[in-house]
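# Observations on the three-dimensional arrangement
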There are 4 protein chains.
Amino acid sequence: MGSGAFALVLTLALAACVIPAERKCLLSGSWRSDTGCRMVVSVLGKDGSFSGSYLPGPAARDPKILSSPLEGSQQDAGLVSQPTFSFTVHWQLQDLETARMTAFLGQCYVGSNGEETLHTLWLMREATESPAEDWKATWIGTSVFTRIK
Amino acid sequence: MGSGAFALVLTLALAACVIPAERKCLLSGSWRSDTGCRMVVSVLGKDGSFSGSYLPGPAARDPKILSSPLEGSQQDAGLVSQPTFSFTVHWQLQDLETARMTAFLGQCYVGSNGEETLHTLWLMREATESPAEDWKATWIGTSVFTRIK
Amino acid sequence: MGSGAFALVLTLALAACVIPAERKCLLSGSWRSDTGCRMVVSVLGKDGSFSGSYLPGPAARDPKILSSPLEGSQQDAGLVSQPTFSFTVHWQLQDLETARMTAFLGQCYVGSNGEETLHTLWLMREATESPAEDWKATWIGTSVFTRIK
Amino acid sequence: MGSGAFALVLTLALAACVIPAERKCLLSGSWRSDTGCRMVVSVLGKDGSFSGSYLPGPAARDPKILSSPLEGSQQDAGLVSQPTFSFTVHWQLQDLETARMTAFLGQCYVGSNGEETLHTLWLMREATESPAEDWKATWIGTSVFTRIK
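Every chain is numbered on its own, with residues counted from 1 as its sequence reads. Note on labels: chains are lettered from A, ligands numbered from 1, in written order. Reporting of local features is limited, given that this is a predicted model, to residues whose pLDDT is at least 70; pairs of side-chain atoms are given and counted only at 80 or more, and all residues count toward the totals for whole chains, interfaces and linings. Just so you know, side-chain values use all the structure's heavy atoms and leave hydrogens and water out.

### Concerning the state of the cysteines
- We call a pair of cysteine sulfur atoms a disulfide when they lie within 2.5 Å. One pass over the full model with this rule turns up 4 disulfides over all chains.
- Here Cys25(A) is linked by a disulfide to Cys108(A), with a sulfur-sulfur distance of 1.8 Å. Its torsion about the S-S bond being 90°, the disulfide of Cys25(A) and Cys108(A) is classed as right-handed. With Cys25(A) in the loop between helix H1 (3-23) and strand E1 (29-33) and Cys108(A) in strand E6 (residues 100-110), the pair connects residues that are 83 residues apart, well separated along the chain.
- When a residue's accessible area, from a 1.4 Å probe over protein chains only, is under 20% of the maximum for its type it is buried; when over 50% it is exposed; and in between it is partly exposed. Look at Cys25(A) and you get buried, because its relative accessible area is 0%.
- On the basis of relative accessible area, Cys108(A) is assigned to the buried category, the value being 0%.
- Between Cys37(C), a free cysteine, and Cys108(C), which holds the nearest cysteine sulfur, the sulfur-to-sulfur gap is 18 Å. Secondary structure elements are defined from DSSP: runs of H or I of at least 4 residues count as helices, runs of E of at least 2 residues count as strands, and each element is numbered from the N terminus.

Pasting the structure below:
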């Protein structure tokens, strides 16, 4: 085999290694939602768990919302390139009597240009006094996050 | 103050301590859902975090579903008697190629008889290939859990 | 054919007519939800369409909610005994500036005793000023209805 | 009052009439969703009711889905410029044994450039055999529609 052919094989081998690595998605880092919120996610644990903080942006016009802690986990990114994940935000509100939590469930998609987007659906609820009032406790919506570079 | 009056005060003081304790709700223990599933929740961490396992019951007729791990947290039960909570089940399926997660969000209500019930809404999703297929990735439903004694 | 055999055939024929008729579900009539609301549904049109009214019960403690019109349709009950259906309630609120709609989606199940229950999931939304506020416009929940006899 | 002042008043009066008319949203017409589906909505009835058809686009890769009828109603566009609305699609599937319905709930927003967008959340369900299987009957998602010109 000539050196030209060898170089070609080497290039293909490297490409085969490099491309999957480029396409993998880890939630670690900083993200911005289509509703103007920001989210900072810590380095993942070996089991895919993570923590972080959720910060309302200019679109979140409610001054009672402070930076709030989040906890979650993602599917093993060593096995799949576009992992599913979930995380929960425990809202820190200036009004201490209101308890509010949001559970996000989603998947990280990697575009052909390598750009990652997080597609999520979420449930948000406030505490109520009794099961009779439970029916109006829960909101639902979507958020799409892109990485802040 | 006579000993009778003292005993009365002591009884009232004890009652004042005991009643709130009876009405408090901790997720630790074993629960059964209205759809026939069982859930075992570990002792809570100081921060309200917990782990456990989710087991399909006779109503879950899908033999591909095995006992699956869950992770979550509840609101501080020292502050509120009917805490909100969230947890995520990472489904262990015999079909290893399918990834499925469910995020539960709910509140523990304590009835006048002291009986605890967990009212939850959940989102369940499977991984899809691309954002174009994301629209049909997510199911929604409710579950009500009662404690197994 | 002897009269015994004739009676048997007649009995089977009647049974064949009667059993499906007993098990069929039509939404026409009066229903009560597990959250204490009442609903009156008109006789169905030939295409399965119906109208009616939705009345908050004692559990709906919001005095601003009046009896409200509903419109919907069910799957052809001539083809299936447990039809799916949807209907929308346009809430009549004393506060005329608030617009609120609820879309119900569900299925009518017929128990072994012939009792009908309507299992529904619903979305409720209020109007907001702009897309930036749309994220918190929608609630979600479930209702189970049984027939008022 | 001089003719200049009269012209000014006339101009203001016309502007007052014209601007709300430009910003009003009626669902009548053709729309394309962010998931590639198309929707044609008939002229509205006086009560805001409408009918139409829903057509899967290239992104709806399921060849079993045909053009399907829809029925719905919107809030009085004479009262509000950004009305809420709901509509239901009764899916026509080549597999006649499967019954599927989708209930959309949303609001029409009018941008500063006069462009209308429909923001919706939807529930989709298939018929199941019994309440024990009802838990996995319902999907949830969002669609954003823009007008096809």
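### Concerning the relation of the copies chain D and chain C
- Here the copies were fitted onto each other by least squares, based on C-alpha atoms from residues at pLDDT of at least 70 in both. Of the transformation superimposing chain D on chain C, the axial component is 0.0 Å and the angular component is 180°, with the fit at an RMSD of 0.0 Å. Taken together, the rotation and translation describe the operation of a two-fold axis. Relative to the rotation axis, the closest C-alpha in chain D is found at Ala103(D), a distance of 3.3 Å.
- Contact between two residues is taken to exist if any of their heavy atoms lie within 4.5 Å; hydrogens are not considered. A shared binding surface is used by both copies, with 100% of the interface residues of chain D retained as interface residues in chain C.

### Side note on the relation of the copies chain C and chain A
- Here chain C sits on chain A after a turn of 180° about the axis and a move of 0.0 Å along it, with an RMSD of 0.0 Å.
- Counting the interface residues of chain C, we find that 92% of their copies in chain A are interface residues as well, pointing to one common contact surface.

### Focus on the interface of chain D and chain C
- Across the contact, 30 residues belong to chain D and 30 residues belong to chain C.
- By buried area we mean how much accessible surface two parts lose on assembly, using a 1.4 Å probe and totalling the loss over both. Carbon and sulfur atoms make up 64% of the area that chain D and chain C hide from each other, which totals about 2,500 Å².
- In the analysis that follows, any N or O atom pair within 3.5 Å is treated as a polar contact, provided that within protein one partner can donate a hydrogen and the other can accept it, and provided that, for residues neighboring in sequence, both atoms belong to side chains. Applying the counting criterion to the chain D and chain C interface returns 16 residue pairs in polar contact (both at pLDDT 80 or more).
- For the side of chain D that touches chain C, the secondary-structure elements that each account for two or more residues are strand E5 (84-90), strand E6 (100-110), strand E7 (116-126) and strand E8 (138-147) of chain D.
- In terms of residues, the side of chain D that touches chain C owes the most to one element, E7(D), which gives 7 residues.
- The nonpolar class holds Ala, Val, Leu, Ile, Met, Phe, Trp, Tyr, Cys and Pro. Asp, Glu, Lys and Arg form the charged class, and all remaining residues, Gly among them, are polar. Looking at the side of chain D that touches chain C residue by residue, the classes come out as 13 nonpolar, 13 polar and 4 charged.

### Some details on the pattern of salt bridges
- Basic side-chain nitrogens of Lys or Arg form a salt bridge, by our definition, when they fall within 4 Å of a carboxyl oxygen of Asp or Glu. Counted by the stated rule, this structure contains 16 salt bridges over all chains.
- Across the pair Glu115(B) and Lys149(B) runs a salt bridge, and its minimum N-O distance is 3.3 Å. Highlighted residues: Glu115(B) in the loop between strand E6 (100-110) and strand E7 (116-126) and Lys149(B) in the segment after strand E8 (138-147), separated in sequence by 34 residues.
- Take Glu115(B): its relative accessible area is 36%, and that puts it in the partly exposed class.
- Exposure remark for Lys149(B): the relative accessible area of 83% places this residue in the exposed category.
- In this structure, Glu126(C) engages Arg100(C) in a salt bridge whose closest nitrogen and oxygen atoms are separated by 2.7 Å. Remark: Arg100(C) occurs in strand E6 (residues 100-110) and Glu126(C) occurs in strand E7 (residues 116-126); sequence separation between them is 26 residues.
- Under the relative-accessibility criterion, Arg100(C) is labelled buried at 10%.

### A word on the side chain of Gln75(D)
- Here Gln75(D) shows up in the loop between strand E4 (68-74) and E5.
- Residue contacts for Gln75(D): discarding those within four places in its chain leaves Ala99(C), Val80(D), Pro83(D) and Thr84(D).

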